[in-house]
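Chains, contacts and geometry: an overview
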Amino acid sequence: MAIKIILYALFSATGLVFLKLGTKQNFSIVFDRYACSLQINYMLVLGMFFYIASFLLSLSIMKKANLSIFYSISVGFVYICVCIMSYFILKEKITFIQFIGMGLILAGILVMNING
């Protein structure tokens, strides 16, 4: 189950990063009086693929897992993965406060998984 949750977080974060990259390259939605046009690129398609894959994986996890535990853990892992991927791929900065937040998230995940 833990491997599925980690894969879910990685797929979700990868999808989000590719979606952001895709919106920066040849992306437009134009609403006109009589029509709507959409221009997308391979980055957006790849982002949608990963995001849909993460959604399908989350459905299989929810089928067996306690939702309150799964949701809390997965949201924390997704946040951490997005921060790390954004730093390396998008060259975004991670602030000291974000580091503290990631540490608290990891601590919370550990506490939630204590069997006792």
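Check the entry above for the structure.
First, a word on scope: everything that follows refers to the structure included in this document. Note that this is a predicted model, so its numbers are computed, not measured.

Re the overall build of the chain
Of regular secondary structure, the chain possesses 4 helices and 2 strands. From first element to last, N terminus to C terminus, the chain shows the α and β order α-β-β-α-α-α. Against the 2.2 N^0.38 benchmark of 13 Å for 116 residues, the chain shows a C-alpha radius of gyration of 17 Å, more extended than a compact globule. Principal axes of the C-alpha set define a box for the chain whose edges measure 60 × 35 × 25 Å.

What about the pairing of strand β1 (residues 28-31)?
Sheet faces and side chains relate simply in a regular strand, where the side chains alternate between the two faces. Taken together, the 4 bridges between β1 and strand β2 (residues 36-39) define a ladder with antiparallel strand orientation. Its bridge partner lying in β2, valine 30 is registered against serine 37. Where β1 folds back onto β2 in an antiparallel hairpin, the turn is made up of 4 residues.

Some details on the nonpolar core
Ranked by internal contacts, the top residues of the largest apolar core, which has 16 residues, are Ile5, Tyr8, Val17, Leu21, Ile61 and Phe70. Considering every element that reaches this core, the biggest residue donor is helix α1 (residues 2-23), with 6 residues. Excluding residues within four positions of it along the chain, tyrosine 8 makes contact with Ser54, Leu57, Ser58, Ile61, Phe70, Ser74 and Val78.

Some thoughts on unusual backbone geometry
Located in the positive-phi region is asparagine 26, a residue other than glycine, with phi close to 45 degrees. Turning to its location among the elements, asparagine 26 is positioned in the loop between α1 and β1. Unusually for a residue other than glycine, lysine 91 sits at a positive phi of about 60 degrees. Along the chain, lysine 91 turns up in the loop between α3 (67-88) and α4 (96-112).

A short note on helix α2 (residues 42-62)
Between its terminal C-alpha atoms α2 stretches 30 Å, which fits the 30 Å expected from 21 residues at 1.5 Å a residue. Here α2 has its buried residues at Met43, Leu44, Gly47, Phe50, Ala53, Ser54, Leu57, Ser58 and Ile61.

Here's the deal with the environment of methionine 43
Here methionine 43 shows up in helix α2. Spatially, the C-alpha atoms of methionine 43 and glutamine 25 are 8.2 Å apart, while their sequence positions differ by 18 residues. Those residues in contact with methionine 43 that sit more than four places away from it in its chain are Phe18, Leu21, Gly22 and Gln25.

Here's the deal with the side chain of serine 12
Mapped onto the fold, serine 12 is located in helix α1. The class of serine 12 is buried, set by a relative accessible area of 4%. Every residue in contact with serine 12, bar those within four places of it in the chain, is listed here: Tyr51, Ser54 and Val78.

Cut-offs and rules
- All residue numbers here refer to positions counted from 1 along the written sequence of the relevant chain.
- Owing to the predicted nature of the model, reporting of local features is limited to residues with pLDDT of at least 70; listing and counting of side-chain atom pairs is limited to 80 or more, with chain, interface and lining totals taken over all residues.
- Side-chain descriptors were evaluated using all non-hydrogen atoms of the structure, hydrogens and water having been removed beforehand.
- The way it works is that DSSP assigns letters per residue, a run of H or I at least four long becomes a helix, a run of E at least two long becomes a strand, and they are numbered from the N terminus.
- With the radius of gyration taken over C-alpha atoms, the globule rule is written as 2.2 Å times the number of residues to the power 0.38.
- The rule for pairing is simple: two strands pair if DSSP sees at least two bridges between them.
- In plain words, nonpolar cores are sets of buried Ala, Val, Leu, Ile, Met, Phe, Trp, Tyr and Cys residues tied together by side-chain atoms within 4.5 Å.
- Between buried and exposed lies partly exposed: a residue is buried under 20% and exposed over 50% of the maximum accessible area for its type, with that area taken using a 1.4 Å probe on protein chains only.
- What makes two residues a contact is simply this: any of their non-hydrogen atoms within 4.5 Å.
- Take the residue count of a helix, subtract one, and multiply by 1.5 Å to get its expected span.

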